[in-house]
Protein chains: 2
Amino acid sequence: MSINANNPSLKSWVNVPEDSGFPIQNLPFGIFRTSYLEPGAGIAIGEYILDLTYLHENGFFSELKLPRGVFNQKYLNDFIALGREKTGKVRNRIAELLWEENAELRDNKPARELALIPMAEAEMLMPVSVPNYTDFYSSIEHATNVGTMFRDPENALLPNWRHLPVGYHGRASSIVPSGVAIHRPKGQTKPPEADQPVFGPTKRLDFELEMAFITGKESRLGNPVSTQEADEYIFGFVIFNDWSARDIQVWEYVPLGPFLAKNFASSISPWIVTLDALEPCRVEGPEQEPGVLPYLRYEGKKNFDIELEVAVRPEGSQETRVCQTNFRYMYWNVNQQLAHHTVNGCNIRVGDMYASGTISGKDPSSYGSMLEIAWKGTKPVRMSDGSERVFIEDGDEVIMRGYAGRDGVRIGFGEVRTKVLPAK
Amino acid sequence: MSINANNPSLKSWVNVPEDSGFPIQNLPFGIFRTSYLEPGAGIAIGEYILDLTYLHENGFFSELKLPRGVFNQKYLNDFIALGREKTGKVRNRIAELLWEENAELRDNKPARELALIPMAEAEMLMPVSVPNYTDFYSSIEHATNVGTMFRDPENALLPNWRHLPVGYHGRASSIVPSGVAIHRPKGQTKPPEADQPVFGPTKRLDFELEMAFITGKESRLGNPVSTQEADEYIFGFVIFNDWSARDIQVWEYVPLGPFLAKNFASSISPWIVTLDALEPCRVEGPEQEPGVLPYLRYEGKKNFDIELEVAVRPEGSQETRVCQTNFRYMYWNVNQQLAHHTVNGCNIRVGDMYASGTISGKDPSSYGSMLEIAWKGTKPVRMSDGSERVFIEDGDEVIMRGYAGRDGVRIGFGEVRTKVLPAK
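Residues numbered from 1 in each chain as written. Chains lettered and ligands numbered in written order. Predicted model: local features only at pLDDT ≥ 70, side-chain atom pairs only at ≥ 80, totals over all residues. Heavy atoms only, no water.

K.L.:
Help me understand the side chain of Arg171(B) in this model?
P.N.:
Topologically, Arg171(B) is positioned in the loop between β7 (167-169) and β8 (175-177). Note on Arg171(B): relative accessible area 2%, which makes it buried. A polar side-chain atom of Arg171(B) sits 2.8 Å from the main-chain carbonyl oxygen of Asn347(A). Of note is the side chain of Arg171(B), whose polar atom sits 2.8 Å from the side chain of Ser173(B). Once you skip the residues sitting within four places of it in the chain, Arg171(B) turns out to touch Asn132(A), Thr134(A), His169(A), His341(A), Cys346(A), Asn347(A), Ile348(A), Arg349(A), Asp352(A), Tyr354(A), Tyr133(B) and Asn263(B). (Helix = DSSP H or I, 4+ residues; strand = E, 2+ residues; numbered from the N terminus. Buried < 20%, exposed > 50% of the residue type's maximum accessible area, 1.4 Å probe, protein only. Polar contact = N/O pair within 3.5 Å; in protein donor to acceptor, adjacent residues only side chain to side chain. Contact = heavy atoms within 4.5 Å.)

K.L.:
Explain the pattern of salt bridges to me, please; I cannot follow it from the model alone.
P.N.:
Pairing between side chains becomes possible if they bear opposite charge and their charged atoms approach one another. Residue and element names in this part refer to chain A. All told, the structure shown has 62 salt bridges over all chains when counted by the stated rule. As a salt-bridge pair, aspartate 231 and arginine 282 come within 3.4 Å of each other at their nearest N and O atoms. Separated by 51 residues along the polypeptide, aspartate 231 in helix α7 (residues 230-233) and arginine 282 in strand β18 (residues 282-283) bring together distant segments of the chain. Of the two residues examined, aspartate 231 and arginine 282, each falls in the buried class. (Salt bridge = Lys/Arg side-chain N within 4 Å of Asp/Glu carboxyl O.)

K.L.:
Hey, could you run me through the interface of chain A and chain B in this one?
P.N.:
A common way to report how large an interface is uses the accessible area buried once the components associate. On the side of chain B, 58 residues touch chain A, which itself brings 58 residues to the contact. Notably, a salt bridge pairs Arg171(A) with Asp352(B), separated by 2.9 Å at the nearest N-O pair. On the surface where chain A and chain B come into contact, there are 28 residue pairs in polar contact (both at pLDDT 80 or more). Of all elements in the fold, only β6 (133-136), β7 (167-169), β10 (186-189), β11 (198-201), α8 (246-252) and α10 (334-342) of chain A reach the threshold of two or more residues within the side of chain A that touches chain B. Ranked by residue count, the leading element in the side of chain A that touches chain B is β7(A), at three residues. Classifying every residue of the side of chain A that touches chain B gives 32 nonpolar, 19 polar and seven charged. (Nonpolar A, V, L, I, M, F, W, Y, C, P; charged D, E, K, R; others polar.)

K.L.:
Explain the nonpolar core to me, please; I cannot follow it from the model alone.
P.N.:
Proteins that are soluble and globular tend to have nonpolar side chains buried together. By size, the foremost hydrophobic cluster in this structure holds 150 residues, and its most contacted members are Phe207(A), Phe237(A), Leu278(A), Phe207(B), Phe237(B) and Leu278(B). With sequence-adjacent residues up to four places away left out, Leu278(B) is seen in contact with Phe237(B), Val273(B), Phe304(B), Ile306(B), Ala404(B), Ile411(B) and Phe413(B). (Core = buried A, V, L, I, M, F, W, Y, C linked by side-chain atoms within 4.5 Å.)

K.L.:
Quick question: what am I supposed to make of the relation of the copies chain A and chain B here?
P.N.:
Put simply, the second copy of the chain is the first one after a rotation about an axis and a shift along it. Take chain A, turn it by 180°, move it 0.0 Å along the axis, and it overlays chain B with an RMSD of 0.0 Å. Taken together, the turn and the small shift mark the pair as related by a two-fold rotation axis. Distance from the rotation axis, computed per C-alpha, reaches its smallest value in chain A at Gly257(A): 2.1 Å. Of the residues that chain A buries at the interface, 100% are likewise interface residues in chain B, meaning the two copies contact each other through the same surface. (Least-squares fit on C-alpha atoms with pLDDT ≥ 70 in both.)

K.L.:
Just to check I follow, could you spell out the packing of aromatic side chains for this structure?
P.N.:
All names here are of chain A. Summed over the entire model, instances satisfying the criterion amount to 32 aromatic pairs over all chains. A network of ring pairs unites the aromatic residues Phe29, Phe61, Phe71, Phe79 and Phe235 as a single cluster. If you follow lysine 217 out to its NZ or CZ, it ends over the ring of tyrosine 233, 4.9 Å from the centre. (Phe/Tyr/Trp six-rings, centres within 6.5 Å; stacked < 30°, edge-to-face > 60°. Lys NZ or Arg CZ within 6 Å of the ring centre and 35° of its normal.)

K.L.:
So what exactly am I meant to see when it comes to the state of the cysteines here?
P.N.:
A covalent bond between the sulfur atoms of two cysteines is what we call a disulfide. One pass over the full model with this rule turns up zero disulfides over all chains. For Cys323(A), which is in no disulfide, the shortest distance to another cysteine sulfur is to Cys281(A) and amounts to 19 Å. (Disulfide = S-S within 2.5 Å.)

K.L.:
Which parts of the structure should I look at to understand the pairing of strand β2 (residues 40-45) of chain A?
P.N.:
Within a regular beta strand, the side chains point alternately toward one face of the sheet and then the other, so they alternate between its two faces. Residues and elements named next belong to chain A. The buried count for β2 comes to six of six residues, which makes it a mostly enclosed element. By the alternation rule, side chains of β2 split into Gly40, Gly42 and Ala44 and Ala41, Ile43 and Ile45, which are all buried. Strand direction decides the pairing type here: strand β1 (residues 29-33) and β2, joined by four bridges, are antiparallel. The residue bridging phenylalanine 32 from the neighbouring strand is glycine 40, located in β2. Between β1 and β2, which pair antiparallel in sequence order, lie six residues. Strand direction decides the pairing type here: β2 and strand β3 (residues 48-51), joined by four bridges, are antiparallel. The residue bridging alanine 44 from the neighbouring strand is isoleucine 49, located in β3. (Pairing = 2+ DSSP bridges.)

K.L.:
What's the story with the side chain of Gln25(B) in this structure? I'm lost.
P.N.:
Residues and elements named next belong to chain B. The residue glutamine 25 is located in the segment before β1 (29-33) in this model. Note on glutamine 25: relative accessible area 3%, which makes it buried. For glutamine 25, the side chain forms a polar contact with the main-chain oxygen of asparagine 7, separated by 2.9 Å. The residues contacting glutamine 25, other than those within four sequence positions of it, are Ala5, Asn6, Asn7, Pro8, Ser9, Leu10, Arg91, Ala277, Arg406, Val409 and Ile411.

K.L.:
Quick question: what am I supposed to make of the domain arrangement of chain A here?
P.N.:
Residue and element names in this part refer to chain A. Along its sequence, chain A is carved into domain 1 (4-125) and domain 2 (133-421). Taking the mean C-alpha position of each, domain 1 and domain 2 sit 29 Å from one another. Taken residue by residue, the interface counts 28 residues in domain 1 and 28 residues in domain 2. Taking both partners together, domain 1 and domain 2 bury about 2100 Å²; carbon and sulfur atoms supply 62% of that area. It is Ile80, Arg84 and Met124 that lose the most area in domain 1 upon contact with domain 2, and together they represent 32% of the buried surface on that side. Across the contact surface, domain 1 and domain 2 share two salt bridges. Between aspartate 276 and arginine 84 there is a salt bridge whose closest N-O contact spans 2.5 Å. Along the contact surface separating domain 1 from domain 2 lie eight residue pairs in polar contact (both at pLDDT 80 or more). Ranked by the residues each element gives to the side of domain 1 that touches domain 2, the list is headed by helix α3 (residues 84-98), at four residues. Its residues assigned to classes, the side of domain 1 that touches domain 2 shows 15 nonpolar, ten polar and three charged. (Domains from an automatic or database assignment. Buried area = accessible area lost by both parts, 1.4 Å probe.)

Written out as structure tokens, the structure reads:
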């Protein structure tokens, strides 16, 4: 038996609801725990988590010769460090086990009942320990919007923007998974009318809709990774909410970049959708004009057709969608980002997270931050409960969702959902 | 017996040369290996390393009830996570063992010979695994010099500079210890006369003389660390060379800060000098005017009197000192840096590194980077071999050294020495 999980006609014996983002063609990896199980690795299938620790300990991966205990860990780092070839084989083997025509697990009732955990019983944790986190700024629409608002509409893009994927280092320690509430941060701001800065809770708390890729292979200091090699290094993707405090940012960020405006928290969706699962969802990127330097040139389709949305749910109310966009419009692709990041010899670690920067489209309904959606506070957004938003308020929940659709198959990311609590 | 390692009259039975920075009052921690020993923790005494793994396994710390194997590791993180009280007791116990009047180890020839390793036989490795690295910009002389060169001499300091310790996130993965050579990085630059950016080796490779503190205590997301609490979080200090490629930096850094200009490498001295050892070297900091917001106020002496120097050694030649300065002049102190960094709830991890920013004094002989020393290329520096430098050339070794002196005792940091190899 040799199964390719990406085969669109595959079906699983596990019930997968039609609108589920977790069919047998996806099989994203995550770390979960329950009231009766310690943290360990699982994959999502329909409304269940398949417990990989259980399967490994009971010989279901014996032919793959995986390291002992590789799933029985708090993070996926050791697993993804096995490399794309090996993790791809594990994913295909899981598809084989879940395939409707394979009786191995399907007809082994005791094993099946222990291995399949209802998602409702589980808590999802950080999938990886993140040694380094970088944030790019790769949407031309977002960079143009910000440049228009804060600088000059005629020269919205800075001179370097079309020549390199602008990026900066972010804080790895404060990345949290979906479901972890955050407190409104306090900080130093300088209101335009004030002589001196003041201290207090941010008045301009914002989300930024981003995707992040996670590396599964280490590079050595001094050795660049080319755009062509980059695919070997990328294990998969999550949705990334780059929380931002705009008033803190404006006061602090010149000349060395964002710092406390960002590092109080970033939130991610807990399932890592593998690059393997996304291979069929590749699309051409936009034309880059002027042409880029040789180290940034690439071949093939390096953008991804991933539908994204953001909703805001005021406390005690229904959610309102405030953004609908697509990852496919990114000007700089992930291969270029990784090639640029390493061209000076900077080394990559397993578990590193590389976020895209805010993903905005051309239309205001596709802007990826409240700053842009409400255009610096000038265009309030009406919620379904009648209230208005220019930024995020205490009690609001921000929900980001995404999926890639192809051949009638939905490769979902699930969601990243974060409640904002009042400042402490 | 109860010994305080800071007692200036203590002497060791281990010979400590007069100009050594590693007397019994210092006892910095590091990770070393030899041709016959796996990486593990040691402390420096004179020209020897005391093997803490050996001492622990042979019962010399039995009264301290340390976790098994705490020294027998690639990094000090687990050890420093024991907290300042415990690590301080370990340091005092080591002083007791090394004290000239204590026969325990002195007269136990077999143990003594196994526990004391000549430094010449050992290689020093990274002392900690660094989960997060932040770089501040806390020398008013450095910030003024840079502002004068690149902006406006009349308004050299940006409006936020005196109100908060400006900082940004750096790359943790590329921090390497003294002795690891680096290659000149390549990157994108835009020469003033060019229409388009070009790619190639940096033409303006520079060092930045900094100190970095390392945290030994974790904080929880959402919980600020006050200036008063900061002392509990700081385990110790190293010298930090924040390598910089000035031409790459100028082209890339607006608007999100330095990125590839910095992340190709940072070099540190391998011995962590503990805050305990530095307690007697505290001095008053400069007056801060205007006054700072309440969360940045502090009590007591939070600056440190640490003499620092930088030398450059062209290949096959003698070294030339290019900078002599002191850490005491920093405008923003480490307690303020940590309080600012966490005031928004950003969480601290064990092993995090927080660098000071370039340490420059008032006099040109005390400037901490070639950019300042050679004033943007206009004042070449003569080397002892007759050659001139405006930036660092291939084959050069950059050596930084530091020590705190007090009561006739020299608390040394050793050195961070890095050779620059040609671009690959």
